[in-house]
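Coordinate inspection notes
Each chain, written out:
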Amino acid sequence: MRLRLQPCLLLIALLLFPASAIAQAGRPAPTLKWLRFRITEVLWIRADSAQVRLEAGTSGGVLTGMVGEAISVRRDSMTSRGGSSLGDAQVLLSDSTGSLVAIKLTDGSKPEQRVFEGDLVSLQLEERYSVTPTLLTELVTRRIIYRDDDGGEFYRFWKVLQHDNDSLMTPALIAMAADLHAVAKRVDTAIAADDQLRQPIEKGRYKGRSVLAVLASATPEDLSRYLDFVVSYPGHYLGRSLHLGSAFAAWIGDDATPGKAAVRDELLAAKSDDERRQLIKSQPNALSDGVWLGEWRTQTTRLAEARRFDEARALNHISSLVVEVYDLKEQRGLVLFEAAQIEFHAKNRDAAIAGYRAAIPALQAADDEQGVRYALNNIADELNQLGRYVDAMAVWD
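Bear in mind that the values here come from a model prediction, so they are computed numbers and not experimental data. (Residues numbered from 1 in each chain as written. Predicted model: local features only at pLDDT ≥ 70, side-chain atom pairs only at ≥ 80, totals over all residues. Heavy atoms only, no water.)

Turning our eyes to something else, we now look at the overall build of the protein. From N to C terminus, the protein includes 16 helices and eight strands. Residue burial in the protein is summarised as follows: out of 397 residues, 46% are buried. A separation threshold of at least 6 residues defines the contact pool for the protein, and within that pool the share at least 24 residues apart is 69%. Element-wise, carbon and sulfur atoms account for 53% of the exposed surface of the protein, whose accessible area totals about 19,900 Å². (Helix = DSSP H or I, 4+ residues; strand = E, 2+ residues; numbered from the N terminus. Buried < 20%, exposed > 50% of the residue type's maximum accessible area, 1.4 Å probe, protein only. Contact = heavy atoms within 4.5 Å. Areas by Shrake-Rupley, 256 points an atom, 1.4 Å probe, with all protein chains shown as cover.)

And the structure:
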């Protein structure tokens, strides 16, 4: 049931507080972050439940009562998007040394649904980390660690979470590139002249070059594209500690599949919508489920808030084309709502009102009641800002 105000009282409120009586409602800024913790010990397991210990406790932000889910990271249970869920999890006890967690297994009678040491528990922690996250934050929140040829780590978990910015990311990429150069030199002296690593790559970004040649000349940009792929398809990497040279070589040899940032940039750079539609159709595994659109909407919002309106509109437009090509009905209203939000930030009030009105039928079709309420609220607020108080009152009534 919606709270209703008497029309005369609402009109007075609109007149007295034209700028702030009704807050411009966008999607709430996230205050929680999903963080994954390794299971270090399985204390016991039954058909429908298990009790485990985690690697982190109160010092890592894990508190008694937190809830989340257990995630399998065994290779036979992984998909490109992530590990399979084993069941709900709740922290029973947490201290400075670790945490005790109960897991309600979805079906513990099946071998693939049992929990093992090394699997993960995903918990929501308060957003108290770096405000300038890079790809390193996306890696560590998924518990993906890369090591150099000598076994050393390129980045530290808590340091990244608390202090991540370009001053951490840039040196890490440079160190990774240098490590790949050293790996190439070592491997070059150890493999035969006809080894597969010396053969030309047949498809993808590095077509015509060999894996060994790419390793020997790898740049920070190459590493950035690779890590973009990893966080875009984290399934086979979740919870793992990886030898960079081997993992990077495998990606190159598998046609260097682009990640979400690379696909986005390629679509933005296309010269026409027909070309963009063809590119979108060529990436069904990446785009047909609409998973990346949520992050693109977040980026659109940040661009609009920074008053980079042309860039925001361009990114919103490619999202709308993805929705069109794959008929993503549940995403259509969100993309239209975001287009209206851009005009709100640009103070194009009539355009914003038209955008919110266009979003409402699509949000209704997707049963997004909260989205409809946001759109109606924002229409009333924009009418109020234009001095159309009676019209605003009618929307609210």
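What follows concerns helix α6 (residues 220-232). Side chains three or four residues apart in an α-helix point the same way, a direct result of the helix having 3.6 residues per turn. For α6, which comprises 13 residues, the first-to-last C-alpha distance of 18 Å matches the rise-based estimate of 18 Å (1.5 Å per residue) to within 8%. D222, L223, Y226, L227, D228, F229, V230, V231 and S232 are the residues of α6 that are buried. As for α6, its buried residues are in contact with α2 (135-141), β7 (145-147), α4 (166-188), α7 (244-253), α8 (260-269) and α11 (291-305). (Expected span 1.5 Å × (residues − 1).)

Right, let's get into the environment of M169. Tracing the backbone shows M169 in helix α4. Separated by 32 residues in the primary sequence, M169 and T137 place their C-alpha atoms 9.6 Å from one another. Leave out the neighbours within four places in its chain, and M169 touches T134, L135, L136 and L227.

What follows deals with the pattern of salt bridges. According to the stated counting rule, one finds 22 salt bridges in the structure shown. The structure contains a network of salt bridges with shared partners spanning E138, R142, K260 and E295. (Salt bridge = Lys/Arg side-chain N within 4 Å of Asp/Glu carboxyl O.)

All right, on to the packing of aromatic side chains then. A complete count under the given rule lists 11 aromatic pairs for this structure. Taking the centre distance of 5.8 Å and the plane angle of 70° together, the rings of Y146 and Y226 count as edge-to-face. With Y146 in strand β7 and Y226 in helix α6, this pair connects stretches of sequence that are 80 residues apart. The class of Y146 is buried, set by a relative accessible area of 0%. Overall, Y226 belongs to the buried group, its relative accessible area being 0%. Ring pairs connect the aromatic residues Y146, Y206, Y226, F229, Y233, Y237, F248, W251 and W292, which therefore count as one cluster. The residue whose ring lies beneath R46 is W44, and the NZ or CZ to ring-centre distance is 4.1 Å. The lysine or arginine in question, R143, covers the ring of F157, its NZ or CZ lying 3.6 Å from the ring centre. (Phe/Tyr/Trp six-rings, centres within 6.5 Å; stacked < 30°, edge-to-face > 60°. Lys NZ or Arg CZ within 6 Å of the ring centre and 35° of its normal.)

Right, let's talk about the packing of α8 against helix α9 (residues 273-281) for a bit. Relative orientation of the contacting elements α8 and α9 amounts to 155°, with a least axis distance of 9 Å. Considered as vectors, α8 and α9 are oriented roughly antiparallel to each other. For the pair formed by α8 and α9, the contact residues are E266, L267 and L268 on the first element and R276, L279 and I280 on the second. Split into classes, the residues belonging to the contact of α8 with α9 amount to four nonpolar, no polar and two charged. (Axes fitted to C-alpha atoms, helices over the stretch in contact; angles between N-to-C directions. Parallel < 35°, antiparallel > 145°, perpendicular 65-115°, else oblique. Nonpolar A, V, L, I, M, F, W, Y, C, P; charged D, E, K, R; others polar.)

All right, on to the pairing of strand β2 (residues 49-54) then. In terms of burial, β2 is a largely internal element, five of the six residues being buried. Of the strand pairs in this sheet, β2 and strand β5 (residues 99-105) are connected by six bridges, and their pairing is antiparallel. Across the sheet, R53 pairs through a bridge with L100, a residue of β5. (Pairing = 2+ DSSP bridges.)

To continue, consider the nonpolar core. For soluble globular proteins, nonpolar side chains are generally found buried alongside one another. In this structure, I103, Y146, Y155, Y226, F248 and W296 are the most contacted members of the largest nonpolar core, which totals 90 residues. Of the residues forming this core, the biggest block, 10 residues, is contributed by α4. In this view, Y155 contacts L136, L139, V140, I144, I145, Y146, V160 and M176; residues no more than four positions away in its chain are not counted. Ranked by size, the runner-up nonpolar core spans 15 residues in total, among them F337, A352, I360 and A392. (Core = buried A, V, L, I, M, F, W, Y, C linked by side-chain atoms within 4.5 Å.)

A few words on the side chain of N378. Residue position: N378 is located in helix α15 (residues 369-385). A polar atom in the side chain of N378 sits 3.4 Å from the side chain of Q341. (Polar contact = N/O pair within 3.5 Å; in protein donor to acceptor, adjacent residues only side chain to side chain.)

A word on unusual backbone geometry. Where the residue is not glycine, phi is negative for most of them; where a peptide bond is considered, it is trans in most cases. Unusually for a residue other than glycine, R307 sits at a positive phi of about 65°. Here R307 lies in the loop between α11 and α12 (309-326).

Turning our eyes to something else, we now look at the packing of α8 against α12. Closest axis-to-axis distance for the α8/α12 pair is 10 Å, and the angle between their directions is 105°. What the angle tells us is that α8 and α12 run roughly perpendicular. Each of R264, L267 and L268 in α8 lies in contact with α12, whose residues at this interface are A314, L315 and I318. Residues belonging to the contact of α8 with α12 are distributed by class as follows: five nonpolar, no polar and one charged.

A separate point is the environment of A261. Relative to the helices and strands, A261 is located in helix α8. By relative accessible area, A261 is classed as partly exposed at 23%. Along the sequence, A261 and D228 sit 33 residues apart, while their C-alpha atoms lie 6.6 Å from each other.

This part covers the confidence of the model for the protein. In this model, the protein carries a mean pLDDT of 85, and residues with pLDDT of at least 70 account for 86%. Across the protein, the secondary-structure element scoring lowest on mean pLDDT is helix α1 (residues 7-16), at 41, and the one scoring highest is α12, at 96. Across residues 1-31 the pLDDT falls below 50, and counting only partners more than four positions away or on other chains, this stretch makes 51 contacts in the model. (pLDDT = per-residue confidence, 0-100.)

Here the focus is the environment of S246. Mapped onto the elements, S246 comes out in helix α7. Through-space distance from the C-alpha of S246 to that of L180 is 9.4 Å; in sequence the pair is 66 residues apart.

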